[in-house]
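# An overview of the molecular structure
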Amino acid sequence: MDLTQRTFRAVSDRVEDNPQFVAWWESVMLGFLAPSPQEMTVEWVLRESVGDNWLQRGCYDTSLPAEALSAEHPVGTFVSFDKSINVGGAVIPAHLITDVTVRPSHRRRGVLRRMMVDDLAEAHEKGHALAALTVTEATIYGRFGFGPATFVQSVRLNTSTRFGLRTPSTGRVELTSQDQMGRVGAEIFERHQAITPGAVGRGVLYAEHRSGIFDPRASDRNRSVRNALHFDDDGRPDGLVCYDVREEGGHYVLTVRDLVAVGTPAYLGLWEFLAGIDRVEQIDWPLAPIEDPLRWALVDQRAYEVTGIKDHLWLRILDPVAALSARRYSCPDQVFTLAVTDDLGLANGTYRIDVADGRAEVTRSADEPDATVGVEELGSIYLGGVPVRQLHVARRIGASDEAADRLGHLLGGVRRPYCNTDF
Ligand SMILES: CC(C)(COP(=O)(O)OP(=O)(O)OC[C@H]1O[C@@H](n2cnc3c(N)ncnc32)[C@H](O)[C@@H]1OP(=O)(O)O)[C@@H](O)C(=O)NCCC(=O)NCCS
């Protein structure tokens, strides 16, 4: 095996200008056990790559036999690009990672490690406070300093006669076309992100995909997707839902593909609309918030069933000073000294966190730390989505009981972070 790593950006959104991208994307599909992509899908993904300014990374094996898949097809793929994240009181840049694959013939020989270590070092060098990804398996990324930071739950709502809100919703909901949703989706999401800790900025084609305008797997429009908007009392769209409906055993089941609300009235209004669709008796949504106002707004709580909980967003702190000074704090003024360990040598050090009026001044310190955390654990507790206490009793935080409680008060007490962006 003779490996070289290359990075490149698409030179235009025309497939014929980007042979390197075409081979690279075919390798991504191979890695995800997906069919070889059709031409229209490659064009669409290329448009996404250009629009979101992806940095494609490929590991190429120059020692492949002539009969093997061409040497222009990388044996390892990796994308990173810049978006934003709401860290609680502020929206800051985030280094996002996706499309990580290694060809089965080259697995477990350090290809992923090589791409990841280089990419994180470059993101650190560029001054990013944090990196983020979502995972297919929970055992891969902790070793690179990522910790699960936000969670979602799959919910099943019984919308037969059992559904009813304690207080009627406000505003109005109207059906809209896929194309109209493609136009307004991004703006509604941006307003949602501004008020939602944990929300990660979406790719340029996100609304096109969710609304059904283009389904990259089918390489076609997805005509089963329906779309609706919630309008506030001034007639401004402040919520969206994309869904499809299928018949199952004599009744209809509705699956939510995307639901974004700028505040609770829009959120509950969209649910009331969905639940009111005649002949639909069940609604499934795999990306509901853990702290879900819907459950508490229902007349009959048991119409709301949680069918699963899973980690969603994983964070990797690259610069503790930048990350910890960016978010806001709801604790009383205090000073805490936190030591961070990091096998990749990017975030380690001891940091003095001086909180006053909800903001922290964070500086490197030579003081004895109150607590020591691995960078993986810091990623989990940073947004307040994982209680410090839980990690402490699991022996993943080095601190006395008293110091762990103080750290928990420092980072917690905030709204549960929630991310409904897939990437
Ligand atoms: C997951 C995948 C990218 C790993 O690539 P790889 O080149 O085999 O990984 P590496 O050899 O660089 O391994 C790096 C480390 O991760 C560990 N690791 C890799 N894959 C793992 C897995 N699936 N589960 C647990 N540990 C894993 C290795 O043991 C190694 O540990 P070490 O460095 O501490 O010894 C590859 O198996 C793959 O493409 N899988 C299918 C697509 C996929 O699931 N991608 C992830 C999307 S989130």
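As a reminder, the structure under discussion sits directly above these lines.
Residues numbered from 1 in each chain as written. Predicted model: local features only at pLDDT ≥ 70, side-chain atom pairs only at ≥ 80, totals over all residues. Heavy atoms only, no water.

### So, helix 6 (residues 264-275)
For an α-helix the count is 3.6 residues per turn, leaving residues at separations of three or four pointing the same way. This is how it is decided: Segments assigned H or I by DSSP are reported as helices when at least four residues long, segments assigned E as strands when at least two residues long, and all are numbered from the N terminus. The span expected for a helix works out to 1.5 Å for each residue beyond the first. Remark: exposure states derive from per-residue accessible area (1.4 Å probe, protein chains only) relative to the maximum for the residue type, with buried under 20%, exposed over 50%, and partly exposed in between.
Helix length check: helix 6 (12 residues) gives 16 Å between terminal C-alpha atoms against 16 Å at 1.5 Å per residue, within 8%. Looking at helix 6, one finds that the buried residues are Ala-266, Tyr-267, Leu-268, Gly-269, Leu-270, Trp-271, Leu-274 and Ala-275.

### Some words on the sheet that holds strand 12 (residues 304-317)
Within a sheet, neighbouring strands are paired by backbone hydrogen bonds and run either parallel or antiparallel to one another. Spelled out, the test is: A pair of strands is considered paired only if DSSP assigns at least 2 bridges between the two. The angle between two axes is taken between their N-to-C directions and runs from 0 to 180 degrees, where each axis is a line fitted to C-alpha atoms and a helix contributes only its stretch in contact.
Reading across from one edge, 1-2-3-4-5-12-6-11-10-9-8-7 is the order of the 12 strands in this open sheet, with mixed pairing throughout. At either end of the open sheet lies a strand with only one pairing partner, and these are strand 1 (3-8) and strand 7 (172-176). Strand-to-strand twist across the sheet, computed as the mean angle between neighbouring axes with direction ignored, equals 25°. As paired strands, strand 10 (residues 251-261) and strand 11 (residues 280-289) are joined by 4 bridges and run parallel to one another. Paired with Tyr-252 across the bridge in strand 11 is Val-280.

### Section: the packing of aromatic side chains
Heads up, the condition is: Pairing of aromatic rings covers Phe, Tyr and Trp, the last through its six-membered ring, and needs centres within 6.5 Å; plane angles under 30 degrees mean stacked, over 60 mean edge-to-face, and all others mean tilted. Whether a charge lies above a ring is judged from NZ of Lys or CZ of Arg, which has to be within 6 Å of the ring centre and within 35 degrees of the ring normal.
With the rule as written, the count across this model stands at 8 aromatic pairs. Where Phe-21 meets Trp-24, the ring centres are 5.7 Å apart and the plane angle is 35°; that geometry is what we call tilted. Of this pair, Phe-21 and Trp-24 both sit in helix 1 (residues 19-31), 3 residues apart, which is roughly one turn of that helix. Note on accessibility: Phe-21 and Trp-24 belong to one class, buried. Plain terms: the ring middles of Tyr-141 and Phe-146 are 6.2 Å apart, the flat faces sit at 75° to each other, and that makes the pair edge-to-face. For Phe-146, a relative accessible area of 0% corresponds to the buried category. Among the aromatic residues, ring-to-ring pairing joins Phe-8, Phe-21, Trp-24 and Trp-25 into one connected group. Between the NZ or CZ atom of Arg-6 and the centre of the ring of Tyr-60, over which it lies, the distance is 3.9 Å. Looking at Arg-327, its charged tip hangs above the ring of Tyr-329, at a distance of 4.4 Å from the centre.

### As for the nonpolar core
Generally speaking, soluble globular proteins have nonpolar side chains that are buried together. Inclusion rule: Definition of nonpolar core: a set of buried residues of the types Ala, Val, Leu, Ile, Met, Phe, Trp, Tyr and Cys, connected through side-chain atoms within 4.5 Å. Throughout, a residue-residue contact means that at least one pair of heavy atoms, one from each residue, lies within 4.5 Å.
Of all hydrophobic cores here, the largest spans 63 residues; its most connected members are Ile-85, Tyr-382 and Leu-407. For this core, the element with the highest residue contribution is helix 1, accounting for 5 residues. Every residue in contact with Tyr-382, bar those within four places of it in the chain, is listed here: Val-87, Ile-92, Leu-130, Leu-315, Ile-317, Ala-323, Leu-324, Ala-326, Arg-327 and Leu-411. Residues Ala-228, Val-241, Leu-259 and Ile-283 belong to the second largest nonpolar core, which totals 30 residues.

### Here's the deal with the pairing of strand 5 (residues 130-133)
On strand 5, burial covers both faces: Leu-130 and Ala-132 on one face and Ala-131 and Leu-133 on the other are all buried. Bridge analysis of strand 4 (residues 91-102) against strand 5 gives 2 bridges, and the strand direction is parallel. Bridged to His-95 within strand 5 is Ala-131.

### Thoughts on the sheet that holds strand 15 (residues 359-364)
The 5 strands lie next to each other as 15-14-13-16-17, forming an open sheet whose pairing is mixed. Every other strand in the sheet has two partners, leaving strand 15 and strand 17 (397-399) as the edge strands with one partner each. The average undirected angle you get between the axes of adjacent strands in this sheet is 25°. Looking at chain direction, strand 13 (residues 334-341) and strand 14 (residues 349-356) are connected through 7 bridges and run antiparallel. Across the sheet, the residue bridging to Phe-336 is Ile-353, located in strand 14. Running at roughly 105° to strand 13, helix 11 (residues 401-411) makes contact with strand 13, strand 14, strand 16 (371-374) and strand 17 of the sheet.

### Re the site of the ligand
Rules: Being near a molecule or strand, for a residue, means having at least one of its heavy atoms within 4 Å of it. Two N or O atoms form a polar contact when they lie within 3.5 Å of each other; inside protein one atom must be a possible hydrogen donor and the other a possible acceptor, and for residues adjacent in sequence the pair counts only when both atoms belong to side chains. Calculation of accessible area relied on Shrake-Rupley with a 1.4 Å probe; when residues are assessed, cover is drawn exclusively from the protein chains displayed. Polar here means any residue outside two lists: the nonpolar Ala, Val, Leu, Ile, Met, Phe, Trp, Tyr, Cys and Pro, and the charged Asp, Glu, Lys and Arg; Gly therefore counts as polar.
Within the structure, the ligand sits among 20 residues, and Val-100, Val-102, Arg-108, Gly-110 and Arg-113 are positioned closest to it. Glu-137 is positioned such that a nitrogen or oxygen atom in its side chain is 3.2 Å from a nitrogen atom of the ligand. Thr-139 has a polar side-chain atom sitting 3.3 Å from a nitrogen atom of the ligand. In isolation the ligand exposes 900 Å². Once the protein is present, 76% of that is buried. Listed by contribution, the elements that provide at least two residues to the shell around the ligand are strand 4 and helix 3 (111-125). Of the residues that constitute the shell around the ligand, the class distribution is 8 nonpolar, 6 polar and 6 charged.

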